[in-house]
Amino acid sequence: MLNLLTAERIKLLRSKKLWIVISILMLLPIYQVVNSKISVNYGSDLVQAKDTVINGATGILMMEKNGFTILFVICAFISFFIGEEFQNGTIRNALSLGRSRTHYYLSKLVTASLLSLVGVIIMTILGMIGFSVVFGFGEVAGITNYFSYATKTFGTLYLLILANVSIYVMIGFLTKNIGISLVWSFLYTIMTAFVPSVFLQTEHFKHVTFWFTETFLNYSDFASPVDIARFPEMVLVSIITIMLSLGLGILFFNRTDIK
């Protein structure tokens, strides 16, 4: 397993895909600081519930503000990251050396998860610094213990992202093709962002809406006491999603015929 992770690290450091992902996640907060500053100069008022990030303190919500973009960037990366192993036949090299398929799957998931973590940490830090410089650090309304709030918020948001990363990895191993994986990953992202809200219109199935991690990511206000109280529920749904996608992904990959 450690050898597989070491090999993944070496390949990633030599890959343009890694630096493209990091560059995009670095540019996002810088662009948003500039855009917010221009909006204020033209007389607009930044409102947290609408604009999400309005100062350095709310910069911890950069993952919420950029949820859709992060997911699309990560799912594109994972589609190439896994799909090219099948299309180039390099997956056979590792498996022919006696590497466990389960370990191989886990190495891809761990690598994608760590890249996502590094990317969102950089994005969040840059967002907090940038908004602090332009708008001051300020505060999050109603929050007295900021460190505790920031830690819980970042951890919860990352788990929601990680649940989707796990799904994208599963899709990559099931499709075994870059193009098909991209299509299904994009469709999954779009559908789970909008379709679950349909259940809200029904009396008996509205609870189903909140079994999709993107519902929390896209429709929650992580600075609202009501949604902060739902952090444990978000964590539970994320963990269940990760465990289910991990189990199904490994199960089907172990039965896959590698040609």
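The present account deals with the structure reproduced in this document. These numbers come from a predicted model, not from an experiment.

### Some words on the overall build of the protein chain
Secondary structure summary: the protein chain contains 12 helices and 0 strands in total. When the helices and strands of the protein chain are placed in sequence order, the string is α-α-α-α-α-α-α-α-α-α-α-α. Relative to the compact-globule value of 18 Å for 259 residues, the protein chain shows a C-alpha radius of gyration of 20 Å, a close match. Judged by the C-alpha coordinates and their principal axes, the protein chain covers about 60 × 50 × 30 Å. Expressed as a percentage of the 259 residues in the protein chain, the buried residues total 46%. Considering only contacts within the protein chain whose residues lie at least 6 apart along the sequence, 78% involve residues at least 24 apart. With an accessible surface of roughly 12,900 Å², the protein chain has 68% of that area assigned to carbon and sulfur atoms.

### A short note on the packing of helix 2 (residues 16-41) against helix 5 (residues 67-87)
Any two packed helices are characterised by the angle at which their axes cross and by the distance between the axes. For the pair helix 2 and helix 5, interaxial distance at closest approach is 11 Å and the crossing angle is 180 degrees. In this view, helix 2 runs roughly antiparallel relative to helix 5, as classed from their interaxial angle. Residue-level contacts link Lys17, Val21, Ile24, Leu25 and Leu28 of helix 2 to Thr69, Ile70, Val73, Ile74, Phe77, Phe80, Phe81 and Glu84 of helix 5. Classifying every residue of the contact of helix 2 with helix 5 gives 10 nonpolar, 1 polar and 2 charged.

### Some thoughts on the packing of aromatic side chains
As enumerated under the stated definition, the model contains 15 aromatic pairs in all. A centroid spacing of 5.3 Å and a plane angle of 70 degrees characterise the contact between Phe72 and Phe186, whose relative ring orientation is edge-to-face. Here Phe72 is found in helix 5, whereas its partner Phe186 is found in helix 9 (residues 178-194), with 114 residues between them in sequence. Judged by centre distance (5.6 Å) and plane angle (35 degrees), the ring pair of Phe222 and Phe231 falls under tilted.

### A look at the side chain of Thr156
Checked against the element boundaries, Thr156 lands in helix 8 (residues 146-175). Of note is the side chain of Thr156, whose polar atom sits 2.7 Å from the backbone oxygen of Lys152. When sequence neighbours within four positions are dropped, the list of residues in contact with Thr156 reads Phe222, Phe231, Met234 and Val235.

Rules and cut-offs
- Residues numbered from 1 in each chain as written.
- Predicted model: local features only at pLDDT ≥ 70, side-chain atom pairs only at ≥ 80, totals over all residues.
- Heavy atoms only, no water.
- Helix = DSSP H or I, 4+ residues; strand = E, 2+ residues; numbered from the N terminus.
- Rg over C-alpha atoms; globule rule 2.2 N^0.38 Å.
- Buried < 20%, exposed > 50% of the residue type's maximum accessible area, 1.4 Å probe, protein only.
- Contact = heavy atoms within 4.5 Å.
- Areas by Shrake-Rupley, 256 points an atom, 1.4 Å probe, with all protein chains shown as cover.
- Axes fitted to C-alpha atoms, helices over the stretch in contact; angles between N-to-C directions.
- Parallel < 35°, antiparallel > 145°, perpendicular 65-115°, else oblique.
- Nonpolar A, V, L, I, M, F, W, Y, C, P; charged D, E, K, R; others polar.
- Phe/Tyr/Trp six-rings, centres within 6.5 Å; stacked < 30°, edge-to-face > 60°.
- Polar contact = N/O pair within 3.5 Å; in protein donor to acceptor, adjacent residues only side chain to side chain.

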